[in-house]
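# Descriptive analysis of the structure
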Amino acid sequence: MADHPETVGGYIVTEVLDREASGGAVYKARERGGAEPVVVKVLDAAIAADPERLGRFHQQVEAARALHHPNLVRILDAGADGARVWVAREFFDGTTLADLRRRRDLGVRESLSILKEVASGLAAIHAAGHVHGNLNPRSILVSPNLKAVKIADFGLTGLEPQPGEGTMATRQTRAAAIHYMAPERALSPDDFDARADVYSAGAVLFELLTGRLPTGRLDLPSQQADVPPEVDPVVLRCLNTDAGGRYTSGGELLGAFAQLEDQLRFGLVHDLQGMSRSTSRWLKGSGARSRKALWIGLALLGLAAAGVVGFLLAG
């Protein structure tokens, strides 16, 4: 006997992807008569029984369907199937950032590259006048080569199981997501803006860089040996407990990442220039033949360094 429903709405289920996402389940499926895979997410059954939450679900999903951006998972369809409420979205060949981190550590360049793409997706959401509201490593999807990054679950804000609803695993998943939520949401769960998403992005980046959740007294990310100090102000501004001290939107955060890239580029070039000046002083005491050979070597080193700079910034 199959351990999953044969159909959800107009979609034929082919595989179970997740049993404990937002109190429901996530399936790989295909549309009747179609061959392309899609993902169907079935939400907690309590939503269908709550007219207020069901109405909010339809409003938010319609807003999400209107947005098309390379860093956002595209919503294809949504509906209610008896006691089930479901959303169909594009199939993305990748994994969640949470699953990726369980398999391996990410370097600084990879972490900054992923969060820059996340900021780009948030910028599109905020520019349209919306808020994601539940950004965390489980709602960030990454391709195997890390070149494609997409934000999922936009349009499902506030539809998570309420206290006492769902399974034990569901409640544990919801409790883990709290660590990525802005402090103001604890005081007023329904009164927040784009700056709450900025906090969540900062919490994700802090964890990637340090291996710890941003709780209690925050250490500077650069206390990790491989994290440049230029990264500290960006992360700490995102994690400001006062929403007024954060970047105002994903667009502003994306601009901060662009400035950070320039700072890191300038810092690397400055270091290379310092090496060149030091070597030049040393060469003044060398013979002509030695100087010529070493200058050729330095020229080749400069070309290699330029390639390294380009590689670091291409992430």
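Calculation notes
- Residues numbered from 1 in each chain as written.
- Predicted model: local features only at pLDDT ≥ 70, side-chain atom pairs only at ≥ 80, totals over all residues.
- Heavy atoms only, no water.
- Helix = DSSP H or I, 4+ residues; strand = E, 2+ residues; numbered from the N terminus.
- Expected span 1.5 Å × (residues − 1).
- Buried < 20%, exposed > 50% of the residue type's maximum accessible area, 1.4 Å probe, protein only.
- Contact = heavy atoms within 4.5 Å.
- Polar contact = N/O pair within 3.5 Å; in protein donor to acceptor, adjacent residues only side chain to side chain.
- Phe/Tyr/Trp six-rings, centres within 6.5 Å; stacked < 30°, edge-to-face > 60°.
- Lys NZ or Arg CZ within 6 Å of the ring centre and 35° of its normal.
- pLDDT = per-residue confidence, 0-100.

### Considering helix α2 (residues 51–65)
- With 15 residues, α2 should cover 21 Å at 1.5 Å per step; its first-to-last C-alpha distance of 21 Å lies within 8% of that length.
- Looking at α2, one finds that the buried residues are Arg53, Leu54, Phe57, Gln60, Val61, Ala63 and Ala64.
- Of the surrounding secondary structure, the elements contacted by the buried residues of α2 are α1 (45–48), β5 (75–81) and β6 (84–90).
- For α2, the N-terminal capping position is held by aspartate 50, with its side-chain oxygen 3.1 Å away from the main-chain nitrogen of glutamate 52.

### Things to note about the packing of aromatic side chains
- The full count for this structure, using the stated rule, is one aromatic pair.
- Directly above the aromatic system of phenylalanine 192 lies the positively charged group of arginine 185, at a separation of 4.2 Å from the ring centroid.

### Looking at the confidence of the model for the chain
- Scored by pLDDT, the chain has a mean of 82; 76% of the residues are at 70 or more.
- Long-range and interchain partners of residues 161–173, a stretch whose pLDDT sits below 50, account for 24 contacts in this model, where long-range means more than four residues apart.
- Per-residue pLDDT stays below 50 along residues 274–283; that stretch engages in eight contacts with residues further than four places along the chain or on separate chains.

### So, unusual backbone geometry
- Despite not being glycine, leucine 146 has its phi angle at roughly 65°, a positive value.
- Tracing the sequence through the fold places leucine 146 in the loop between β8 (140–142) and β9 (149–151).
- Its relative accessible area of 13% is what places leucine 146 among the buried residues.
- Phi angles above zero are rare outside glycine, and aspartate 153 is one such case at about 70°.
- Structurally, aspartate 153 is set in the loop between β9 and α5 (168–177).

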